[in-house]
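# Reading the structure
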Amino acid sequence: MAQAIDKIPTWLMITVYVLILTILGVFTDLFTFLVGTVIITLIFAGGYDRENLHGH
């Protein structure tokens, strides 16, 4: 399934990241928002690094 999508555009990754953070900020409490922000940031940073590894 991971091979079905060759490359996700950077603008789409940023949009989804901001959307998830907005949902966490609006619908959750502070602790869940902070923990969720750390987890989501690690997931998206890992995905970005894996996608752009050839440039390093």
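For the structure, see preceding data.
Model, not experiment: these values are computed from the prediction. (Residues numbered from 1 in each chain as written. Predicted model: local features only at pLDDT ≥ 70, side-chain atom pairs only at ≥ 80, totals over all residues. Heavy atoms only, no water.)

For Leu 24, the location among the structural elements is in helix H1 (residues 10-27). For Leu 24, a relative accessible area of 15% puts it in the buried group. Between the C-alpha atoms of Leu 24 and Val 35, which are 11 residues apart in sequence, the distance is 9.9 Å. Beyond its immediate chain neighbours, meaning those up to four positions away, Leu 24 contacts Thr 32, Phe 33, Gly 36, Thr 37 and Ile 40. (Helix = DSSP H or I, 4+ residues; strand = E, 2+ residues; numbered from the N terminus. Buried < 20%, exposed > 50% of the residue type's maximum accessible area, 1.4 Å probe, protein only. Contact = heavy atoms within 4.5 Å.)

A cluster of nonpolar side chains, contributed by Ile 8, Trp 11, Leu 12 and Val 16, occupies part of the molecular surface with about 350 Å² of accessible area. You can see Ile 8 is positioned in the segment before H1. (Patch = residues over 30% accessible without salt bridge, like charges linked within 9 Å, V, L, I, M, F, W, Y side chains within 5 Å. Areas by Shrake-Rupley, 256 points an atom, 1.4 Å probe, with all protein chains shown as cover. Salt bridge = Lys/Arg side-chain N within 4 Å of Asp/Glu carboxyl O.)

Let us look at the packing of aromatic side chains. Geometrically, a pair of aromatic rings is defined through the distance of the ring centres and the angle of the planes. If you walk through the whole model with that rule in mind, you get one aromatic pair. Considering the side-chain rings of Tyr 17 and Phe 44, the 5.5 Å spacing of their centres and the 65° angle between planes classify their relative orientation as edge-to-face. Taken together, the residues span a long stretch of sequence, with Tyr 17 in helix H1 and Phe 44 in helix H2 (residues 30-51) at a distance of 27 residues. In this structure Tyr 17 comes out as partly exposed when scored by relative accessible area, which is 22%. (Phe/Tyr/Trp six-rings, centres within 6.5 Å; stacked < 30°, edge-to-face > 60°.)

Interpretation note: all reported values are geometric properties and have no functional meaning in isolation.
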